[in-house]
Every structure is written in structure tokens, then in C-alpha cells.
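The lines below spell out each chain.
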Amino acid sequence: MPSRYHSVPGIVIGAALTFTALPALAQGELVVTSWGGTFQDASREAIFRPFEEETGIRIIEATGPSLARVRAMVESGNTEWDVVSLTPGDLLALAEMGYAEPLDYETFFPAGMLDDVVPEVIHPFGIGNFFYTKVIAFSTEAFPDGAHPQSWADVWDAEGFPGPRVIDAGDWVVPPAEYALLADGVEPSDLYPLDLERAYASLARIAPHVVKWANASAMPPQALVDGEAVIAPATLGRISALMDQGAPVDFVWNGGLLNFDYWMIPKGAANYENAMRFIEFATRPEVQARLVQIQALGPVNIAAFDHIPADVAAELPSAPDNLAQQVVLNAAWWSEVGEDGMTNLERNAQMWTEFLARQ
């Protein structure tokens, strides 16, 4: 498998009926807040600078996006950020609070453009930017000649695929509930609403073979390299980077868990029109194609693959063949509040604590 790169459902909104032509050059500025690091560097090259050249709008970069910081700005009446990249859970919470501006798709997006965008990333208050994924990774020293796990059921099959595992902790960013259920035979289309009791029963079965419950993204791939584990769910980017370095690891697309971040506009943003111009620009297929050839993320606009060489496209999480084998995580379900007043995420945290106490 080539390894050149490292690496909710939304409410589907119909394609815009009309498109209002906007001036080729606009005046003003725009504060865009993202995650820093290599993603910010790639965004600067592929999105920020080309946007400035096309529109004349100057981008001021900021980092450290979070629900708490957006909320504090809105509540103080001093919204300093215009466009923010946020996790699905944070975006959904801010929208529920009334702290996010609705996106004006009809005015700022060309007719038909949304038809090419993966429906799960389209929401009235945000649109996904790029996919990233967690995959089943394994040691090629432990499983040579293709005799490696191909599914979450195989990950749970310690007799057929012997050796220690590293599994994500239940209080980590993405709890292991989804793949515990997939391992237990739940079909991807039937995952939500998650049966957390069944998920924890599934985790109890694999627990004797788990040497570490991971609470950092670096832990699972490092455990594979060190020989501490032979199988682990890991982010595609870290595994691909290790493969590039010649490490004895590999992965399969089947059962990958896809996630994404949203572009959103905080309530009271000073430059709403410029923000919408930016979000439309960042969602264009040619712009998305430019970024994913710098950093191997998956474009949410599938038309981007018309602008990506086939050998590069084959390594991206949202390439049609790869996308069909994966599951898009449902952040909306995790943020739902039950009759007890707890969100599903809070309920999971409680169940994880109880699970650990039994081990």
C-alpha cells in the first residue's frame, strides 16, 4: 500500500437556486482561526494566500480555536474572530446556544456546488473543511505476508490474531464505542444511536488483551513501532508518516472512523460577508485539491478528485473507494441530552470510570 502522506451528520441543505456574482476584488480583512502547526502552514499556502490574491481581503491568522473562547467573545459582545475551525461537537454546542451565525449558502455558493460536498458535513451553521480518519493499524513483523486483521472483528479476535493491543481510552477525544460495536457485529448503518451498554460489554471482552488504554494520538503508533502492541487503532497521518520512514507498520481502510472539523462564523463577527466569501473559496474543489496534495487530508468536496493525480487520490481518506469502507462519526449523537439531563458524552465518561473500576 503506498504511504506517501501522513494524514453528526449535518442537515443537508439543497443546492443554491441562484448565485449572486460578487466583486472580483473586495476590501477589508478577515480573522481566520485554526489549529496551527502543519495544517495552518498548508492552509496558508493553499487557501489563505490565494484567497487574498483573488479578493484583496487581508487574512489575519489566529490559533487556538475552542468552544470556550468563542463563547467568551460572544458573551462579552466582542467577537474578534470571523471564521473559526471547530470540532463538530463544539460547533453543534455553539449553534444550540445561539452563538453561531447561520451560513448563507444561497447567496455565496454557486448553484449546484453543494451537490459535490459529502452531505454529512453540511450544517446550517457550519460546513466541514477536510476529513481525517482513524484506521486499524498493525505490525507487519507480527503479521507478515498479508495475514493481518482486516476488520474490527479481527481486532477483537485475539485467538486468530494473537498479541497485545493498544485501544483508545473511553475518555479520549474519540471514545472506542463505535469500533467496539463494529467488532461486536453491528452494521455501520445501524451504529447510531450507539448502544453504550453493548459497547462496554464488547470492550470487556478485549480488555484482557489490552496493554494500554491510549489517551494521546502518539501512543498507539509508537506502541506498534516499539513492539509493545501488534494491533492498534491509529490516526492515518501518524501511521503513514511511520511507513514513509520505513517502520514495520501498515493499515487497512475497512472500518476507518472518519471525522472532520467545521468552518463556522461566531455570532456577531464583524466581517460576515468576507467570512462567507472565504468559506465558499475554501470549499471549492480546486482549492481543496491544492491543500490535500500538501497534507494528506480528505477533501469534503468530492469534485476535488478531478484535480488530484490518481496515485495521490488513492491515499486520501475521502477517495470514493476509501470513503465507501469507512464510517463518518456522528458528533450530533454524542451531544444529545437524555432524560437524565446528561449528554451521551457525559454518560459515556461515567460508564468509562465504572468500567475501569471493574478491571
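Residues numbered from 1 in each chain as written. Predicted model: local features only at pLDDT ≥ 70, side-chain atom pairs only at ≥ 80, totals over all residues. Heavy atoms only, no water.

Before going further, it helps to spend a moment on the overall build of the chain. Looking only at helices and strands, the chain features 15 helices and 11 strands. Taken against the 2.2 N^0.38 rule, which gives 21 Å for 359 residues, the C-alpha radius of gyration of the chain at 21 Å falls within 12% of a compact globule. If one aligns the C-alpha atoms of the chain with their principal axes, the spans along those axes are about 65 × 50 × 35 Å. Burial analysis of the chain (359 residues in total) assigns 54% to the buried set. Summing over all exposed atoms, the chain offers an accessible surface of approximately 14,900 Å²; the carbon and sulfur share of this is 51%. (Helix = DSSP H or I, 4+ residues; strand = E, 2+ residues; numbered from the N terminus. Rg over C-alpha atoms; globule rule 2.2 N^0.38 Å. Buried < 20%, exposed > 50% of the residue type's maximum accessible area, 1.4 Å probe, protein only. Areas by Shrake-Rupley, 256 points an atom, 1.4 Å probe, with all protein chains shown as cover.)

Taken over all residues, the pLDDT of the chain has a mean of 89, while the share at 70 or more is 93%. Low pLDDT, under 50, characterises residues 1–25; the predicted model gives this stretch 84 contacts beyond four residues in sequence or across chains. (pLDDT = per-residue confidence, 0-100. Contact = heavy atoms within 4.5 Å.)

One ladder, built from 6 bridges, connects strand β1 (residues 29–34) with strand β2 (residues 58–63); its direction is parallel. By the bridge assignment for β2, Leu30 is matched with Ile59. (Pairing = 2+ DSSP bridges.)

Once that is clear, we can look at the pattern of salt bridges. Oppositely charged side chains can form a pair if their charged atoms are brought close together. Taken as a whole and assessed by the stated rule, the structure comprises 12 salt bridges. Linking Arg71 and Glu75 is a salt bridge whose minimum nitrogen-to-oxygen distance equals 3.0 Å. With a gap of 4 residues between them, Arg71 and Glu75 both fall in helix α2 (residues 67–76), about one helical turn apart. Each of Asp41, Arg44 and Glu61 takes part in salt bridges that share partners, so that together they form one network. (Salt bridge = Lys/Arg side-chain N within 4 Å of Asp/Glu carboxyl O.)

Attention now moves to the packing of aromatic side chains. Tallied over the entire structure, the rule returns 18 aromatic pairs. Seen from their ring centres, Phe251 and Trp253 are 5.2 Å apart, and the 85° between their planes marks the pair as edge-to-face. Here the two residues Phe251 and Trp253 agree in accessibility, since each one is buried. (Phe/Tyr/Trp six-rings, centres within 6.5 Å; stacked < 30°, edge-to-face > 60°.)

In contact at an axis separation of 9 Å, helix α8 (residues 219–226) and helix α9 (residues 236–244) are set at 30° when each is read in the N-to-C sense. Relative to α9, the element α8 lies roughly parallel. α9 is crossed by α8, and the crossing has right-handed handedness. Contacts between α8 and α9 involve Pro221, Leu224 and Val225 from the former and Arg238, Ile239 and Leu242 from the latter. (Axes fitted to C-alpha atoms, helices over the stretch in contact; angles between N-to-C directions. Parallel < 35°, antiparallel > 145°, perpendicular 65-115°, else oblique. Left-handed = near helix turned anticlockwise from the far one by under 90°.)

The next thing to look at is the packing of helix α1 (residues 37–55) against helix α11 (residues 285–292). Relative to each other, α1 and α11 sit at 150°, their axes nearing to 9 Å. The orientation of α1 with respect to α11, classified from their angle, is roughly antiparallel. Here α1 runs over α11; the crossing is right-handed. Judged by residue contacts, Phe39, Ala42, Ser43, Ala46, Ile47 and Pro50 of α1 engage Val287, Arg290 and Leu291 from α11.

All right, on to the pairing of β1 then. Across the 6 residues of β1, 5 count as buried, placing the element largely inside the fold. Following the chain from β1 across α1 to the adjacent parallel β2, one finds a crossover that is right-handed. Alignment of β1 against strand β3 (residues 83–86), held across 2 bridges, turns out to be parallel. Residue pairing across strands places Val32 opposite Val83, the latter belonging to β3. (Right-handed = clockwise from strand over helix to strand, strands pointing away.)

Nonpolar side chains in soluble globular proteins tend to be buried together. One finds Ile47, Phe109, Ile127, Phe278, Ile279, Leu291 and Ile308 to be the most contacted residues of the largest nonpolar core, which totals 66 residues. Those residues in contact with Ile279, other than ones at most four positions away along the chain, are Val83, Leu103, Phe109, Ile127, Trp263 and Ile265. Counting residues in each nonpolar core, the second largest holds 37 residues, with Trp152, Tyr200, Trp352 and Phe355 among its members. (Core = buried A, V, L, I, M, F, W, Y, C linked by side-chain atoms within 4.5 Å.)

What follows deals with the environment of Asp250. Looking at where Asp250 falls in the secondary structure, it is placed in strand β9 (residues 249–264). Residue Asp250 is classed as buried on the basis of its relative accessible area, which comes to 17%. Note: C-alpha distance between Asp250 and Ile239 (11 residues apart in sequence) is 7.0 Å.

In this section: α1. For α1, built from 19 residues, the straight-helix expectation of 27 Å at 1.5 Å per residue is met to within 8% by its first-to-last C-alpha distance of 25 Å. If you follow the buried residues of α1, they end up packed against β1, β2, β5 (126–139), α10 (272–283) and α11. Among the residues trailing α1, Gly56 stands out with phi positive, at a value near 80°. (Expected span 1.5 Å × (residues − 1).)

In this model, helix α15 (residues 344–358) (15 residues) spans 21 Å end to end at C-alpha, consistent with the 21 Å of a helix rising 1.5 Å per residue. Listed as buried for α15 are Asn344, Arg347, Asn348, Met351, Trp352 and Phe355. All buried residues of α15 fall inside an arc of 140° around its axis, so they share one side. Exposed residues on α15 whose side chains face more than 90 degrees from its buried face are Thr353 and Ala357. Residues of α15 that are buried in the fold lie against α7 (196–206), β7 (210–214) and α14 (331–335). (Arc of directions from axis to C-beta.)

On to the environment of Val31. Of note, Val31 is situated in strand β1. By relative accessible area, Val31 is classed as buried at 14%. The sequence separation of Val31 and Ala331 amounts to 300 residues, and the corresponding C-alpha distance is 26 Å.

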